[in-house]
Amino acid sequence: MSASTALPMTSWSGARKSAAGLFAVVALAGLACAAVYLSAVIFLLLNKVHPRHAEFTSIAAYWDTYAYDPKRRKQIIGSVVASSVGLLVVLPISLVIAARRKRPLHGDARFANTGEIERAGLLSRDGEAPSPRIIVGRHRGRFLTLSGQLSVMLSAPTRSGKGVGVVVPNLLNWPDSVVVLDVKGENYAITAGYRAAHGQRVYAFSPFEEQARSHRWNPLTAVRTSPLHRVGDLLAIGQVFFPNDGTGTSSEAYFNDQARNLFMGLGLYLLETPTLLRTLGEMLRQSSGKGQSLKDHLSGAIAQRTKDDNALTDECADALRRLLFNSENTLSSIVSTFNGPLTIFADAIVDAATSADDFRLEDLRRRRQSIYVRVPPSRLANARPLLNLFFSQLVSLNTQQLPEQDPSLKFQCLLVNDEFAAMGRVGVISTAAAFLAGYNLRLLTVVQAMSQLDALYGEKEARTFATNHGLQILYAPREQRDADEYSAMLGHFTERATSTSRSRSFGHHGHTSTGRNESDQRRALLLPQEFKELGPERLVVIFEHCKPILGEKIRYHRDKVFKDRLHRAPVVPQMNMDLHNARTQQRVRDADDELPVGKAFTLDELAQDFSELEVPDLTGTAAEWDACLEGYFQKTLAPSAQPAGGTVEPVTDQPEACVSSTEHAVEHEHVDQTTQT
């Protein structure tokens, strides 16, 4: 950032106070001298003597001469008191009252000057302790930035420069963790390289990327396995998909409650069945019945687990039985309600992107991370349930502990919600905006117009959400309603207006008279049409405890400090879709014939659970390894469940190619893998 050359406000304020104090002392001394002279004048007037005979020291001489005379003594004392009260008390008070500005009839709105902006803390000063600051704009060449923990809202129409002026500059400057809703993918391409080059762990969660290039996030990982917490954690996720906030009809509320119960039951079933994937995609597959009706599938699972002495817990079984007690028609409606928001996980790429964790949301305040949530505009409508869940879980996991309670939570996290309305209604953000600051979470919310928030949250909740942002940035609006509202936000000032009138008589002597009238008129600081004509380079900032600021927009591609920070973005790794499909289908996967140089082979790549594999010593013979693997696959792949195509055959001439566990890897150059399905 450019260094400030202005005098520090603390020094300037101290100089002003010193000058004011010196002036007051000099003025008081002058008035005291005038009071001494005036007392002599008054004494002479009381004795009917011309005041030209008075001098500065006359009153002292009169006291020495007439102090013994009671009448003259009283006159001298009265003269001194009258002059002192008049000049040292009455006159200063009168001057102060006269100097007081008359309160304007219609207000005195105006834009803030540089001193007021500095006092508000929006202009950083030299020597100031560094802290995460949100870049807002410029004022006379200096950056406007907001420190502390307050949030920022930007209201700007499309193609008005909100990305190049606010979003990108902040991503190229914010030092702590950041989560970005990146609808077009431009923010990642422009800023991820710089953040990665400066020690940030950069992730791109792209569940709709056609080439399956995405980092992964599994929302069910946040569900704790302890009996005390798992039901509550599952219900919290279910509440996002099937809300009971009272906005729907009674019928909708009933089916949402039932669908949430099914969500909890299937979630517990996955937790208690290690052979199944713990993902939302697997939950959707289980709800299909796996080739049977859902009632038969769940009833059979409960009975089979009881028969195998591995019964489901009472919580899980009770939740599933509550569902099964419904009639067929009701059950069908419940399943339809359940499948509605979860159908998105039928997409193989979405399922793979939510099947594991490359990053953890609860670590955003513990270490510096950058997470870009990339969704193409064409998939926004389908992605809303997933986006809602992502940001809801982010807020939920990061508002469980205050930084004061956990010293490891030492970083702030900025949520850059570019095109905030695109993800639909996210109730947890709107309600949590009031207290996020205490948890080191800050919002940079970008909307095209306030009407977008009104449509999603209703007028009252939208206004509450907007006012919970400590600072608002306003670009020139296009809608008349927004222009009217922004103009009213800036306020009005009183303007002295002069009107001229002329009257003419049409009588015999025809006279013309002119009259002038002055009156106080109310005038908006910026009229609605003036706000709409603000231009492409200017903006208005509204900050609490400060007058409105008329500033300039930033263009990162014109500013050297930002242009020097443009680096190539890291390549997002491609997910192994073949491995993921093998796991979802519960089949053994072919190992790759060739591994990349430096990549190790693990048993995980076979998409099977080898925890029960009784591995002989690595010095064992080929026959021992043959018997080991043959016994395992005969046990795990029964004839009824074994897929067509044979079994895995181990390499007999290189027993050292086997590994003892999924963690024990063998380098590629030592492996001659010839497995087949």
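Residues numbered from 1 in each chain as written. Predicted model: local features only at pLDDT ≥ 70, side-chain atom pairs only at ≥ 80, totals over all residues. Heavy atoms only, no water.

With respect to the overall build of the chain
Okay, step 1: Scanning the chain for helices and strands turns up 22 helices and 15 strands.
Okay, step 2: For the chain, restricting intrachain contacts to residue pairs at least 6 apart in sequence, the fraction spanning at least 24 positions comes to 70%.
Okay, step 3: Of the roughly 34,800 Å² of accessible surface on the chain, a fraction of 53% belongs to carbon and sulfur atoms. (Helix = DSSP H or I, 4+ residues; strand = E, 2+ residues; numbered from the N terminus. Contact = heavy atoms within 4.5 Å. Areas by Shrake-Rupley, 256 points an atom, 1.4 Å probe, with all protein chains shown as cover.)

Here's the deal with the nonpolar core
Okay, step 1: Within the largest apolar cluster, 96 residues are counted, with the highest numbers of intra-cluster contacts made by Val179, Phe263 and Phe390.
Okay, step 2: With ten residues, the top contributor of residues to this core is helix H14 (residues 380-397).
Okay, step 3: When near neighbours in sequence (up to four residues on either side) are disregarded, Phe390 contacts Val179, Phe205, Trp217, Phe359, Leu361, Ile371 and Val373.
Okay, step 4: Ala192, Phe543, Cys546 and Val572 belong to the second-largest nonpolar core, a separate cluster that totals 36 residues. (Core = buried A, V, L, I, M, F, W, Y, C linked by side-chain atoms within 4.5 Å. Buried < 20%, exposed > 50% of the residue type's maximum accessible area, 1.4 Å probe, protein only.)

Some remarks on the packing of aromatic side chains
Okay, step 1: For the coordinates displayed, the defined rule picks out 22 aromatic pairs.
Okay, step 2: When the centroid spacing of 5.0 Å and the interplanar angle of 75° are considered together, the rings of Trp217 and Phe390 count as edge-to-face. Of the two residues, Trp217 sits in the loop between strand E5 (201-205) and helix H7 (230-241) while Phe390 sits in helix H14, which places them 173 residues apart along the sequence.
Okay, step 3: Site record: aromatic cluster; members linked through ring pairs are Tyr203, Phe205, Trp217, Phe359, Phe390 and Phe391.
Okay, step 4: Arg374 extends its terminal NZ or CZ atom over the ring of Tyr188, reaching a point 4.8 Å from the ring centre.
Okay, step 5: Over the face of the ring belonging to Tyr475 we find Lys553, whose NZ or CZ atom lies 4.0 Å from the ring centre. (Phe/Tyr/Trp six-rings, centres within 6.5 Å; stacked < 30°, edge-to-face > 60°. Lys NZ or Arg CZ within 6 Å of the ring centre and 35° of its normal.)

A look at unusual backbone geometry
Okay, step 1: For Lys290, which is not glycine, the phi dihedral falls at a positive 55°.
Okay, step 2: Here Lys290 shows up in the loop between helix H9 (280-287) and helix H10 (294-307).
Okay, step 3: Overall, Lys290 belongs to the partly exposed group, its relative accessible area being 40%.
Okay, step 4: Located in the positive-phi region is Glu419, a residue other than glycine, with phi close to 55°.

Let's talk about the pairing of strand E2 (residues 142-146)
Okay, step 1: Of all five residues in E2, five are buried, a share of seventy percent or more.
Okay, step 2: As consecutive antiparallel partners, strand E1 (residues 134-139) and E2 are separated by two residues, and within that stretch Arg140 has a phi angle of approximately 55°, a positive value. (Pairing = 2+ DSSP bridges.)

Some remarks on the environment of Asp182
Okay, step 1: Among the secondary structure elements, Asp182 is positioned in strand E4 (residues 177-182).
Okay, step 2: Exposure remark for Asp182: the relative accessible area of 1% places this residue in the buried category.
Okay, step 3: A sequence separation of 24 residues divides Asp182 from Ser206, and the C-alpha atoms of the two residues are 9.6 Å apart.
Okay, step 4: In contact with Asp182, not counting residues within four places along its chain, are Asn187, Tyr188, Tyr372, Val373, Arg374 and Val375.
Okay, step 5: At a separation of 3.3 Å, a polar atom in the side chain of Asp182 contacts the main-chain amide nitrogen of Asn187. (Polar contact = N/O pair within 3.5 Å; in protein donor to acceptor, adjacent residues only side chain to side chain.)

Looking at a nonpolar patch on the surface
Okay, step 1: Nonpolar side chains collect at one region of the surface, where Leu28, Trp63, Ile77, Val81, Val85, Leu88, Val89, Val90, Ile93 and Ile97 lie side by side and expose about 840 Å² of accessible area between them.
Okay, step 2: Of all the elements, helix H3 (residues 70-99) adds the most residues to the nonpolar patch, at eight residues.
Okay, step 3: Assignment of secondary structure puts Ile77 in helix H3.
Okay, step 4: For Ile77, a relative accessible area of 42% puts it in the partly exposed group. (Patch = residues over 30% accessible without salt bridge, like charges linked within 9 Å, V, L, I, M, F, W, Y side chains within 5 Å. Salt bridge = Lys/Arg side-chain N within 4 Å of Asp/Glu carboxyl O.)

Structural notes on the pattern of salt bridges
Where charged atoms of side chains with opposite charge meet at close range, the side chains can pair.
Okay, step 1: One pass over the full model with this rule turns up 27 salt bridges.
Okay, step 2: A salt bridge links Arg285 to Glu282, with the nearest nitrogen and oxygen atoms 3.0 Å apart. Of this pair, Arg285 and Glu282 both sit in helix H9, separated by three residues, roughly a single helical turn.
Okay, step 3: Linking Arg463 and Glu485 is a salt bridge whose minimum nitrogen-to-oxygen distance equals 2.6 Å. Within this pair, whereas Arg463 is found in helix H17 (residues 459-467), its partner Glu485 is found in helix H18 (residues 480-490), the two being separated by 22 residues in sequence.
Okay, step 4: Residue classification places Glu485 among the partly exposed residues on the basis of a relative accessible area of 22%.
Okay, step 5: Through salt bridges that share partners, Asp363, Arg366, Arg367 and Asp406 make up one connected network.

Remarks on helix H5 (residues 162-171)
Okay, step 1: For H5, a buried count of eight out of ten residues is recorded, marking the element as mostly surrounded by other parts of the structure.
Okay, step 2: Within H5, burial applies to Lys162, Gly165, Val166, Val167, Val168, Pro169, Asn170 and Leu171.

Considerations on the confidence of the model for the chain
Okay, step 1: Averaged over every residue, the pLDDT of the chain is 84; residues scoring 70 or more account for 83%.
Okay, step 2: Counted against residues more than four places away or in other chains, residues 638-677, with its pLDDT under 50, gives 58 contacts. (pLDDT = per-residue confidence, 0-100.)

Considerations on the side chain of Asn170
Okay, step 1: Along the chain, Asn170 turns up in helix H5.
Okay, step 2: By relative accessible area, which is 0% here, Asn170 ends up buried.
Okay, step 3: Of note is the side chain of Asn170, whose polar atom sits 2.7 Å from the backbone oxygen of Val166.
Okay, step 4: Once residues within four sequence positions are removed from consideration, Asn170 is found in contact with Arg133, Ile134, Ile135, Arg195 and Leu444.

Looking at the packing of H7 against H14
Okay, step 1: Viewed as axis vectors pointing N to C, H7 and H14 meet at an angle of 140°, and their least axial separation amounts to 9 Å. The angle between the axes of H7 and H14 places the two elements in the oblique class. Viewed along their axes, H7 and H14 form a crossing whose handedness is right-handed. Residues Ile237, Val240 and Phe241 of H7 form the contact with H14, whose own contacting residues are Pro385, Asn388, Leu389, Ser392 and Gln393.
Okay, step 2: Its residues assigned to classes, the contact of H7 with H14 shows five nonpolar, three polar and no charged. (Axes fitted to C-alpha atoms, helices over the stretch in contact; angles between N-to-C directions. Parallel < 35°, antiparallel > 145°, perpendicular 65-115°, else oblique. Left-handed = near helix turned anticlockwise from the far one by under 90°. Nonpolar A, V, L, I, M, F, W, Y, C, P; charged D, E, K, R; others polar.)

Considerations on the packing of H7 against helix H8 (residues 250-271)
Okay, step 1: Orientation of H7 relative to H8, taken along the N-to-C sense of each, is 135°, at an axis distance of 9 Å. Looking at the two axes, H7 sits oblique to H8. Two packed elements cross with a definite hand, and for H7 against H8 that hand is right-handed. Across from Arg230, Val231, Leu234, Leu235, Ile237, Gly238, Gln239 and Phe241 in H7, the residues of H8 making contact are Arg260, Phe263, Met264, Gly267, Leu268 and Leu271.
Okay, step 2: Residue composition of the contact of H7 with H8, grouped by class: nine nonpolar, three polar and two charged.

Examining the side chain of Asp418
Okay, step 1: Among the secondary structure elements, Asp418 is positioned in the loop between strand E7 (413-417) and helix H15 (427-432).
Okay, step 2: We note that Asp418 is buried and unpaired, the nearest opposite charge coming from Lys162 at a distance of 5.8 Å.
Okay, step 3: Beyond its immediate sequence surroundings of up to four residues, Asp418 is in contact with Lys162, Val167, Leu181, Val183, Asn187 and Val446. (Lys, Arg positive; Asp, Glu negative; His and termini not counted.)

With respect to H10
Okay, step 1: In this model, H10 (14 residues) spans 20 Å end to end at C-alpha, consistent with the 20 Å of a helix rising 1.5 Å per residue.
Okay, step 2: Packing partners of the buried residues in H10 comprise H8, H9, helix H11 (314-324) and helix H12 (328-342).
Okay, step 3: At the exit of H10 stands Asp309, carrying a positive phi of roughly 55°. (Expected span 1.5 Å × (residues − 1).)

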